[in-house]
Amino acid sequence: MFGLGSQEVLIIALIILLLFGGKKIPEMMNGLGKGVKSFKDGMKEDSKDNNDTSNT
């Protein structure tokens, strides 16, 4: 992963934890998960619409 070792990744994770705090990170991940789910649902809906219009 970008030539980073495990120690560098650990240091970056600790810096992120210090910047955002332990309580804020789960909230951010929850929002990210909802965004990804919404994106996937939109892609499914878009491909369904494309299939419907190509049949007419």
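Residues numbered from 1 in each chain as written. Predicted model: local features only at pLDDT ≥ 70, side-chain atom pairs only at ≥ 80, totals over all residues. Heavy atoms only, no water.

J.: Looking at this structure, I do not really get the overall build of the protein chain. What am I missing?
T.: Per the secondary structure count, the protein chain includes one helix and zero strands. Counting over 56 residues, the protein chain shows a buried share of 0%. Just so you have it, the protein chain exposes about 5200 Å², and 65% of that area is on carbon and sulfur atoms. (Helix = DSSP H or I, 4+ residues; strand = E, 2+ residues; numbered from the N terminus. Buried < 20%, exposed > 50% of the residue type's maximum accessible area, 1.4 Å probe, protein only. Areas by Shrake-Rupley, 256 points an atom, 1.4 Å probe, with all protein chains shown as cover.)

J.: When you look at the pattern of salt bridges in this model, what are you seeing that I'm missing?
T.: Two side chains with opposite charge may pair up if their charged atoms get near one another. Throughout the structure, instances matching the rule amount to two salt bridges. In this structure, K24 and E27 form a salt bridge, with 3.7 Å as the shortest nitrogen-oxygen distance. With K24 and E27 both in helix α1 (residues 6–54), this residue pair falls three residues apart, about one helical turn. (Salt bridge = Lys/Arg side-chain N within 4 Å of Asp/Glu carboxyl O.)

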